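Residues per chain, in single letters:
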Amino acid sequence: MLENSNLEHVSEQLKHKSKYKKVSYYTPESILERESKDIILSNILLTWAGCYIKAKGHIVNNRLLKDYVIVYCIDGQGWLELEHKRYSIKSGDLFVCPPGIIHSYGADEKEPWTKYWIHFRGNNADAFASLLGVTAASPVIYIGENMKLQSFFQDVLHVLKAGYTNSNLILATAYLISICSYINHQRINNRLTKKNDINIDKVINYMIDNLNTNLNLEQLSKYTNMSRYHFSKLFKEKTGYSPIDYYIRLKMQKACELLELSSIKIVNISEALGYNNQYYFSNTFKRIIGKSPQDYRKLHLK
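Residues numbered from 1 in each chain as written. Predicted model: local features only at pLDDT ≥ 70, side-chain atom pairs only at ≥ 80, totals over all residues. Heavy atoms only, no water.

**Examining the overall build of the chain**
How we decide: Secondary structure elements follow DSSP: runs of H or I no shorter than four residues count as helices, runs of E no shorter than two count as strands, and numbering proceeds from the N terminus. The buried label goes to any residue with under 20% of its type's maximum accessible area, the exposed label to any with over 50%, and the partly exposed label to all in between, with areas taken from a 1.4 Å probe on protein chains only. Two residues qualify as a contact provided that any one of their heavy atoms is within 4.5 Å of a heavy atom in the partner residue. Computed with the Shrake-Rupley method and a 1.4 Å probe, the accessible areas treat only the protein chains shown as cover for residues. For the purpose of counting charges, residues Lys and Arg are taken to be positive, whereas Asp and Glu are taken to be negative. His and the chain ends are not included. In plain terms, the charge of a residue is placed at NZ if it is Lys, CZ if Arg, CG if Asp and CD if Glu.
Along the backbone of the chain there are 12 helices and 10 strands. For the C-alpha atoms alone, the extent of the chain along its principal axes is close to 75 × 45 × 35 Å. Among the 302 residues that make up the chain, the fraction classed as buried is 47%. Intrachain contacts of the chain at a sequence separation of at least 6 include 71% that bridge at least 24 residues. Surface accessibility of the chain: about 16400 Å² in total, with carbon and sulfur atoms responsible for 51%. Across the chain, the mean location of the 39 positive side-chain charges is 3 Å away from that of the 28 negative side-chain charges.

Okay, structure coming up:
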């Protein structure tokens with residue numbers, strides 16, 4: 001549900017003659033054509049954004065665009081038709097309509113939705129859309145009532161309200177990138193609905209809390225109540241690294257921090273990170289960071 005303060009924030013932006021309150025900021029095609037040549041905006045460019053509140057009667061019929069469309073329902077219900085399939089949309093759902101595919105969607109008659117929406121295009125639009133984890137065959141994901149995500153959408157509208165300057169479009173597009181990145185992070189790290197899934201954030205925090213020891217695969221898999229094979233497989237799918245490799249890299253990250261921000265002796269840093277052999281620590285550091293601990297400290301002291 002949209003909190004009262006947020007609802008008022010959006011409602012006061014525009015008093016529209018339609019049956020429902022709405023905010024809509026459309027960038028004219030002539031401006032989009034010019035800005036799409038910008039070295040930054042050529043990669044991803046936000047073209048249109050808005051918010052419809054309790055949008056009774058709202059409907060989009062058989063529309064075909066060259067933009068991606070993101071719709072985030074934060075209250076009420078609606079529906080989506082894409083690729084000859086119909087989806088029921090409820091509060092907390094987010095869906096994406098890809099460019100070049102006919103789509104239709106609308107508000108439920110009895111419980112009309114309140115929704116944010118954004119259109120975007122660009123050379124790298126496909127890559128940013130992929131962060132959302134949806135496809136034309138599976139266009140809907142459940143985000144839930146997420147106030148941080150709603151804040152990003154509100155930031156977009158606040159910026160666009162000031163006009164179509166290059167700096168405004170860059171800032172609004174930056175908030176769009178934040179939306180895609182945030183959803184990607186939530187999707188990968190906090191997807192807890194599957195029975196045999198893992199909470200990556202929880203595992204990583206466990207690693208960080210034990211940088212002074214030497215956790216092994218058996219201990220990590222036991223922490224997640226999984227077999228070593230299944231845990232290792234899921235962890236690498238979500239992070240790109242094996243659990244132990246990731247754990248070692250966290251140690252080296254902490255070593256970099258201590259080398260930069262303190263005068264602690266390297267032998268003591270080594271011991272603090274669970275390495276009894278300083279030379280083994282130094283070799284591991286150089287393998288991952290690319291410099292020895294001594295050279296790394298000298299570089300940052302300069």
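Here the narrative resumes, following the displayed structure.
**Points about the sheet that holds strand 10 (residues 140–142)**
This is how it is decided: Strand pairing follows a simple DSSP-based rule, namely that at least 2 bridges must link the two strands. With axes taken as lines fitted to C-alpha atoms, and helix axes fitted only over the stretch in contact, angles between N-to-C directions fall between 0 and 180 degrees.
Ordered in space as 1-2-9-4-7-10, the 6 strands form an open sheet in which the pairing is antiparallel. Of all the strands in the sheet, just strand 1 (21–26) and strand 10 have a single pairing partner and so form its edges. Strand-to-strand, the axes of this sheet are offset by a mean angle of 15°, without reference to chain direction. As paired elements, strand 1 and strand 2 (residues 45–53) share 6 bridges and run antiparallel to each other.

**Thoughts on unusual backbone geometry**
Apart from glycine, the bulk of residues carry a negative phi angle, and the bulk of peptide bonds sit in the trans form. Here the phi dihedral of N62 falls at roughly 45°; this positive angle occurs in a residue that is not glycine. Along the chain, N62 falls in strand 3 (residues 59–63). The backbone of N225 shows a phi angle near 60°, a positive value even though the residue is not glycine. With respect to the element layout, N225 can be found in the loop between helix 7 (217–223) and helix 8 (228–239).

**As for the sheet that holds strand 5 (residues 77–82)**
The 4 strands are arranged 3-8-5-6 in an open sheet whose pairing can be described as antiparallel. Both outer strands of the open sheet, strand 3 and strand 6 (85–90), are each paired with one neighbouring strand and no more. In this sheet, adjacent strand axes meet at a mean angle of 15° when their direction is disregarded. Direction of pairing for strand 5 relative to strand 6: antiparallel, over a ladder of 6 bridges. Bridging across to strand 6, E81 finds its partner in R86.

**What about the nonpolar core?**
How we decide: To form a nonpolar core, buried Ala, Val, Leu, Ile, Met, Phe, Trp, Tyr and Cys residues must be joined to one another through side-chain atoms within 4.5 Å.
Core analysis: the biggest nonpolar cluster contains 40 residues, and I118 and F120 have the highest contact counts within it. Among all residues touching I118, those that are not within four sequence positions of it are L46, W48, A49, Y68, V69, I70, F153, V156, L176 and I179.

**Points about the packing of helix 6 (residues 200–209) against helix 8**
How two helices pack is summed up by the angle between their axes together with the distance between the axes. Worth spelling out the cut-off: Convention used here: angles under 35 degrees read as roughly parallel, angles over 145 as roughly antiparallel, angles from 65 to 115 as roughly perpendicular, and any remaining angle as oblique. Each residue gets one label: Ala, Val, Leu, Ile, Met, Phe, Trp, Tyr, Cys and Pro are nonpolar, Asp, Glu, Lys and Arg are charged, and the others, such as Gly, are polar.
Relative to each other, helix 6 and helix 8 sit at 100°, their axes nearing to 11 Å. In this view, helix 6 runs roughly perpendicular relative to helix 8, as classed from their interaxial angle. On the side of helix 6, the interface is formed by I200, V203 and M207, while helix 8 contributes F231, F235, K238 and T239. Of the residues that constitute the contact of helix 6 with helix 8, the class distribution is 5 nonpolar, 1 polar and 1 charged.

**Topic: the side chain of S221**
Among the structural elements, S221 can be located in helix 7. The class of S221 is buried, set by a relative accessible area of 2%. Those residues in contact with S221 that lie beyond four places of it in its chain are M226, S227, R228 and F231.

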